[in-house]
Amino acid sequence: MIGFNLESIALIGALGLIVIGALGMVATNHLMRMLLALVIAEAGGNLLIVLVGYRVGGVAPILGVGEPGAAMVDPIPQVLVLTAIVIGVGVQALAVALLLRIHRAYGTLDLRALRDRMDAEVAAAAGVAPDASQEAPLGARPLPPVPVGVTHGAGRTGPLPALERRA
Amino acid sequence: MTAWVALVVVVLMLVAAVAVLRLRSFVAAVAATSVVGLGLTVLFVLLQAPDVAMTEAAVGAGLSGVILALALRRLGLWRIEETRGGREDA
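Residues numbered from 1 in each chain as written. Chains lettered and ligands numbered in written order. Predicted model: local features only at pLDDT ≥ 70, side-chain atom pairs only at ≥ 80, totals over all residues. Heavy atoms only, no water.

The subject of this paragraph is the pattern of salt bridges. Residue and element names in this part refer to chain A. A complete count under the given rule lists 1 salt bridge over all chains for this structure. For Asp-116, the salt bridge identified is with Arg-115, shortest N-O distance 4.0 Å. Residue Asp-116 is classed as partly exposed on the basis of its relative accessible area, which comes to 38%. When its relative accessible area of 43% is taken as the criterion, Arg-115 is described as partly exposed. (Salt bridge = Lys/Arg side-chain N within 4 Å of Asp/Glu carboxyl O. Buried < 20%, exposed > 50% of the residue type's maximum accessible area, 1.4 Å probe, protein only.)

Attention now moves to the packing of helix H2 (residues 31-52) of chain A against helix H3 (residues 50-75) of chain B. Interaxial distance between H2(A) and H3(B) falls to 12 Å at its minimum, and their mutual angle equals 175 degrees. Of the possible angle classes, the one that applies to H2(A) and H3(B) is roughly antiparallel. Across from Met32(A), Leu35(A) and Leu36(A) in H2(A), the residues of H3(B) making contact are Leu68(B), Leu72(B) and Leu75(B). Considered class by class, the residues forming the contact of H2(A) with H3(B) number 6 nonpolar, no polar and no charged. (Axes fitted to C-alpha atoms, helices over the stretch in contact; angles between N-to-C directions. Helix = DSSP H or I, 4+ residues; strand = E, 2+ residues; numbered from the N terminus. Parallel < 35°, antiparallel > 145°, perpendicular 65-115°, else oblique. Contact = heavy atoms within 4.5 Å. Nonpolar A, V, L, I, M, F, W, Y, C, P; charged D, E, K, R; others polar.)

A full pass over the atoms with the stated rule returns 1 aromatic pair over all chains. In this structure, Arg33(A) is placed above the aromatic ring of Phe26(B), and the distance from its NZ or CZ to the ring centre is 4.6 Å. (Phe/Tyr/Trp six-rings, centres within 6.5 Å; stacked < 30°, edge-to-face > 60°. Lys NZ or Arg CZ within 6 Å of the ring centre and 35° of its normal.)

A word on the environment of Ala60(A). With respect to the helices and strands, Ala60(A) occurs in the loop between H2 and helix H3 (75-106). Residues Ala60(A) and Ala71(A), 11 residues apart in the sequence, show an inter-C-alpha distance of 9.1 Å.

A separate point is the environment of Pro77(A). Residue and element names in this part refer to chain A. Position of Pro-77 relative to the elements: it lies in helix H3. On the basis of relative accessible area, Pro-77 is assigned to the buried category, the value being 9%. Beyond its immediate sequence surroundings of up to four residues, Pro-77 is in contact with Ile-49 and Gly-53.

Taken residue by residue, the interface counts 46 residues in chain A and 46 residues in chain B. Here chain A and chain B share an interface that buries about 3900 Å² over both sides, 80% of which is from carbon and sulfur atoms. Counting across the interface, chain A meets chain B through 0 salt bridges. For the pair chain A and chain B, the number of links is 7 residue pairs in polar contact (both at pLDDT 80 or more). Those elements giving two or more residues to the side of chain A that touches chain B turn out to be helix H1 (6-27), H2 and H3 of chain A. (Buried area = accessible area lost by both parts, 1.4 Å probe. Polar contact = N/O pair within 3.5 Å; in protein donor to acceptor, adjacent residues only side chain to side chain.)

For chain A, per-residue confidence averages 82 on the pLDDT scale, and 76% of positions sit at 70 or higher. Summarising per-element confidence for chain A, the mean pLDDT is lowest in helix H4 (residues 111-126) of chain A (85) and highest in H2(A) (95). (pLDDT = per-residue confidence, 0-100.)

Moving on, we come to H1(A). Taking 1.5 Å per residue, 22 residues should reach 32 Å; H1(A) reaches 31 Å between its end C-alpha atoms and fits that length. Taken as a whole, H1(A) has its buried residues at Leu6(A), Ser8(A), Ile9(A), Ala10(A), Gly13(A), Ala14(A), Gly16(A), Leu17(A), Ile20(A), Gly21(A) and Gly24(A). Lining the buried residues of H1(A) we find H2 of chain A together with helix H1 (2-22) and helix H2 (26-46) of chain B. (Expected span 1.5 Å × (residues − 1).)

So, about the side chain of Thr28(A). All names here are of chain A. Considering the arrangement of structural elements, one finds Thr-28 in the loop between H1 and H2. Of the residues examined, Thr-28 reaches a relative accessible area of 13% and is grouped as buried. Here His-30 takes part through its backbone nitrogen, which lies 3.3 Å from a polar atom of the side chain of Thr-28. Excluding anything up to four places from it in sequence, Thr-28 contacts Arg-33, Met-34 and Leu-111.

Printed below as a string of C-alpha cells:
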C-alpha cells in the first residue's frame, strides 16, 4: 500500500524519473538534452525493476549476510539491472557517437535548424528549390523527380502512372 | 529512519532531474545527471542491492558522466561561464 515507507517513496521516485525523462525527450529541441533525458528515464526504469524484487524485511542476497535461511530480496531483478546499467552506458556511448557524426555533418544539434539544413540538402540533391515542399499546399508541391536511368515496366523511364499499379 | 533517508534522496533526484531539463548550461546538466545516478546508488543500498549500487556508482554515475563530459568537449558545448541572452544551440 501507499504509505510513508521505503517502497512507496522509491516507487514514487521511479515513476517520477520515468515521467520526467520521457517528457524531456519529447519536449526538448536539442539532441544533447534529449540524450540526458534518456539517461534519466533509464535510471527510473532500473530503480523500478529493483523495486519489483524488494521484500520487506529481506536481507541482501549475498552468502554470509544474515543468518542462513533468512528471507532475502529477489536477486533476479538485481542481476537484470546489473546488466541493464552496463548496457545503458553502451547505448549512451553509441548515441554520443551519432551526435558527433551529426554535428560534423550539419554543424548543429538543434532539431529545427537540423531539419532545415537536411531539407535544403535533400532539395539540392534532388534539384528542386529548397523549402518548396514543407509549407506549400498539397497542389503546389513539386512532384519528386525521377532519377535519370531508372527504368520500370517495359523499359520506359519517367514517373510511374497511378493507374498501372497492380491491384 | 530509512523512509526519511529515501524521502530526502528521492526529492533530491527529482529536483536534479528537473534541473537537467531546465538548466541552460550543458555542463551543469551533465553534473545533474550524475547527481541522479548517485541518488540512485543510495536507493539501491536501501533496497538491499549493494552489488547493483556498486555498479551504478562506478559505471552509471562515473563512466557515464565522463562519457557525456567528453562529448560536450567534442561538440563544443563546454562553456562554464553563464551566457547572457540567446539560446545555447551550437
